[in-house]
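Architecture at a glance
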Amino acid sequence: MPDKVFRDPLYNYIGIDRDRDAWLLRLLDTPEVQRLRRIHQLGVSNFTYPGAEHNRLAHTLGVVHLMQSVLRHLEREHPDQEVQSARQPLLAAALLHDVGHGPFSHLFEPCLALDHEEWSVAIILNESTQVNQILREQGVYLAKHAADLIEKDNFEHPAWQKALLSSELDVDRLDYIRRDSLFTGAGYGHFDWHRILTTFHLDEDDKAPVWPKKAAMAIEEYIYARFYMYQNVYLHKTTRGFEALVKAMWRRADELRQDGQDVSAVPALERVWAVEKPSPETLSIRDYLAVEEFTVLAQMHRWCEHTDPILSDLAQRFLCRDGFAMIEPTPPPPTLVPDYTEWETAVCKCLKHHGYDNPAWYCLKDEVKAKYRMPYRPEKEPDQQTPTNSIFVENDFSKRVEISTVMPRLRPISEVEVPRPRYFVPREPSVRSDIEKLAKEWTWPGGALKAEASRDHIGVATIPLD
Amino acid sequence: MDKLQLALLTAWGEEERQGGIQGRKRMQKVIYFLQQAGCPVDAEYSLHHYGPYSREVANITDIMVAEGLLEEIGGGNAGGQYTYTLSDRTRPMIQRIDRTQSVEEFEAFRDKAVELLEEDLWLLELGSTILYFRSRGKQPNWSAALQKACEYKRSNPENPASRDALTLAQRFGPPDA
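Owing to the predicted nature of the structure, the values given are computational and were not obtained by experimental measurement. (Residues numbered from 1 in each chain as written. Chains lettered and ligands numbered in written order. Predicted model: local features only at pLDDT ≥ 70, side-chain atom pairs only at ≥ 80, totals over all residues.)

Here we take up the overall build of chain B. In terms of regular secondary structure, chain B is built from nine helices and five strands. The order of α-helices and β-strands along chain B, N terminus first, is α-β-α-β-β-α-β-β-α-α-α-α-α-α. A globule of 177 residues ought to have a C-alpha radius of gyration of about 16 Å, and chain B, at 16 Å, matches this closely. Residue burial in chain B is summarised as follows: out of 177 residues, 48% are buried. In chain B, once contacts between residues fewer than 6 apart in sequence are set aside, the share between residues at least 24 apart is 63%. (Helix = DSSP H or I, 4+ residues; strand = E, 2+ residues; numbered from the N terminus. Rg over C-alpha atoms; globule rule 2.2 N^0.38 Å. Buried ≥ 20, exposed ≤ 12 C-beta atoms within 10 Å, placed from the backbone. Contact = placed C-beta atoms within 7 Å.)

When its secondary structure is counted, chain A shows 21 helices and nine strands. A globule of 466 residues ought to have a C-alpha radius of gyration of about 23 Å, and chain A, at 24 Å, matches this closely. With the C-alpha coordinates of chain A rotated into their principal frame, the extents come out at 70 × 55 × 40 Å. The contacts of chain A with a sequence gap of at least 6 include a subset with a gap of at least 24, amounting to 69%.

Attention now moves to the sheet that holds strand β4 (residues 209-211) of chain A. Residues and elements named next belong to chain A. Pairing within the open sheet is mixed, and its four strands lie in the order β3-β4-β7-β8. The open sheet has two free edges, formed respectively by β3 (201-202) and β8 (400-402), since each of these has just one partner strand. Pairing analysis gives two bridges linking β4 to strand β7 (residues 392-394), with the strands arranged parallel. Looking at β7, one finds that V210 is bridged to F392. (Pairing = 2+ DSSP bridges.)

The next thing to look at is the environment of E53(A). All names here are of chain A. Relative to the helices and strands, E53 is located in the loop between α2 (31-34) and α3 (56-77). Judged by the 12 C-beta atoms lying within 10 Å of it, E53 is exposed. Separated by 57 residues in the primary sequence, E53 and P110 place their C-alpha atoms 22 Å from one another. In contact with E53, other than residues within four places in its own chain, are H40, N46 and F183.

A few words on the nonpolar core. Grouped together as the largest cluster of nonpolar side chains are 117 residues, with contacts concentrated most on M67(A), A146(A), I219(A), M249(A) and V425(A). For this core, the element with the most residues is α3(A), which contributes nine residues. The residues contacting M249(A), other than those within four sequence positions of it, are L311(A), L314(A), A315(A) and F318(A). Listed in part, the 52 residues of the second largest apolar core include L6(B), Y45(B), V57(B) and L126(B). (Core = buried A, V, L, I, M, F, W, Y, C linked by C-beta atoms within 7 Å.)

For the rest of this paragraph, the subject is the environment of T238(A). Residue and element names in this part refer to chain A. Within the fold, T238 resides in helix α13 (residues 237-258). By C-beta crowding, T238 is classed as partly exposed, having 18 other C-beta atoms within 10 Å. When the C-alpha positions of T238 and K440 are compared, they lie 20 Å apart, and in sequence the two are 202 residues distant. Once residues within four sequence positions are removed from consideration, T238 is found in contact with F47, T48 and G323.

A few words now on the interface of chain B and chain A. At the junction of the two partners, chain B supplies 35 residues and chain A supplies 28 residues. Considering each element in turn, the side of chain B that touches chain A owes the most residues, seven residues, to helix α3 (residues 55-66) of chain B. Of the residues in the side of chain B that touches chain A, the class split is 14 nonpolar, eleven polar and ten charged. (Nonpolar A, V, L, I, M, F, W, Y, C, P; charged D, E, K, R; others polar.)

Here we take up the packing of helix α4 (residues 81-96) of chain A against helix α8 (residues 142-150) of chain A. Residues and elements named next belong to chain A. Running from N to C, α4 and α8 point in directions that differ by 60 degrees, and their axes come no closer than 8 Å. Considering the angle they form, α4 stands oblique to α8. Along this stretch, α4 crosses α8, giving a crossing that reads as right-handed. Of the residues in α8, those touching α4 at Q88, P89, L90, A92, A93 and L96 are L142, H145, A146, L149 and I150. The residue makeup of the contact of α4 with α8, split by class, is nine nonpolar, two polar and no charged. (Axes fitted to C-alpha atoms, helices over the stretch in contact; angles between N-to-C directions. Parallel < 35°, antiparallel > 145°, perpendicular 65-115°, else oblique. Left-handed = near helix turned anticlockwise from the far one by under 90°.)

A word on helix α6 (residues 116-125) of chain A. Residues lying three or four places apart along an α-helix face the same way, a consequence of the helix completing one turn every 3.6 residues. All names here are of chain A. Of all ten residues in α6, seven are buried; the element is thus mostly enclosed. Buried within α6 are the following residues: H116, W119, S120, V121, A122, I123 and I124. On its buried side, α6 packs onto α2, α4, α5 (108-111), α7 (130-138), α8 and α15 (285-289).

Further remarks concern the confidence of the model for chain B. Residue and element names in this part refer to chain B. Predicted confidence across chain B gives a mean pLDDT of 91, with 95% of residues reaching 70 or more. The weakest mean pLDDT in chain B belongs to strand β2 (residues 46-48) at 90; the strongest belongs to helix α2 (residues 24-36) at 96. The ipTM value of the predicted complex is 0.85, and its pTM value is 0.91. (pLDDT = per-residue confidence, 0-100.)

With that settled, the discussion passes to the sheet that holds strand β6 (residues 364-366) of chain A. Residue and element names in this part refer to chain A. Spatially, β5-β9-β6 is the arrangement adopted by the three strands of the open sheet, whose pairing is antiparallel. Looking along the sheet, the strands with just one partner apiece sit at the ends: β5 (324-327) and β6. Strand after strand, the sheet turns through a mean of 30 degrees between neighbouring axes, direction not considered. As paired elements, β6 and strand β9 (residues 422-426) share three bridges and run antiparallel to each other. Bridged to K365 within β9 is Y423.

Residues and elements named next belong to chain A. Despite not being glycine, S105 has its phi angle at roughly 55 degrees, a positive value. Within the element layout of this structure, S105 appears in the loop between α4 and α5. Look at S105 and you get buried, because 22 C-beta atoms sit within 10 Å. Residue R321 is not a glycine yet carries a positive backbone phi of 50 degrees.

Below is the structure:
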């Protein structure tokens, strides 16, 4: 029987064997996996790049396709039982690794206190899901094995299996960098992915993937593609501004709820908010999966009419794409405890002058985690290097080394970058120009050794107001 | 992990051993043990082949070196370890810090930190792996955690060093129920 074929803009054809992998096709048709069609792969990046409308399902199919290529290669390179017996769990994990994602991918994880990997594992293991039923029909241990490969702190299986799915160079990244580049139109994600997938071997000692020197340049291209994509797409200031706006809106709603006020919750969110901390232990899979993008958008529509002026204003700004402008103050001198309180107070005073009575909600601090600022940061000490913090290639003497030691062009983008917070403020011209002027002329006063820095994970600066 | 905490840890290493912190692996494992003992260190750890490893700890170290707050010696092409000491500009900063509650909470772990900074590196590596399996790897008791860690690190659980690593892990981890 011919393969089931999917047309795909990246690979042209993605084929799945209808006989050998009929179970994989059934898995694809489950409601839990089909829900991924309705989750934007890049959250709200389509506010910046109109073409970025691709979804998690297309990415998932791409990851399955790449995993199939990797497995074909490994079956040739290591024709032993270990690879054979790992084939089915690896394909299942490739198809299901994102099944627990919430609305707009990563964006709502802090808003709703979600961890998508935790939910992916729960969906695979819970007997009420169709995904679980199909996996159980295939084998007693298949669901558990696939979940083990996705779960962070699980070491039940050889490390190489996890490394194929989640490491510095894995099938997930190989797909999304090229896919995101194509759909945004950014055009940065070009590298010889086929060479990367078909030239590595597993180290005899710890089974870490190691590439021959002939693949080093393809990997260099891949790392540069990641770097450009982070700089230009994933951390784009417009996108980050809308993300900060959504987080602020959700935090305002949380504050009102905790204050006992009615936030006009839509039914699906009411069920989530009925539990203190939503997790697979406190919320049913069914209730979790009911939270979709249209759910949170419907909620925002309701908030546009809310009596709280801050909540309604933030909701209207998001739905009308009335984003915030990014401001970067001059960097403070190096210190042990960076303290931005005085800068934030000055911004808030300026906002108040422009009529913002609750300025802290309009001075949004954005601190990008180091792992997102530096797409490839290998560990420096060789005896601490693993596939999850380094990429290994063979040098001229066939010795395994971290790639930047043989490709020095990678060093400038592999080195640490000193973090610098960005701020988002309303983009009305008069407000923006006044705060830009403030940022330009800002000099950091003394007293930078205060031990209590302003730490607000959700991104709203906590400012003492006059 | 914040910069102030790492500076304090380095200062303790300098005062007691006059050598700062010797090796990134040692730094990683010492901070992990302290965190497990209840020290208020915010760092996400995951298990690597060489034991618990936090990218955040690695990053804050490199950021402080880039800012001139820490001195880094060693490394190089030979693949040797790095040693970290305070820079001349950081020492006076340490003297002038506000003694807030969070600083005092961290400083309460000074003796434990000094002891760990002087501990044998293999015991730190295996002990932290045992501790990881006990606290995060869902092992029901210390004996199971030792077995799992030794299996993971291809080490003999009956070896005296393995028993010493277990004792070290038990001192910093949760008691058996």
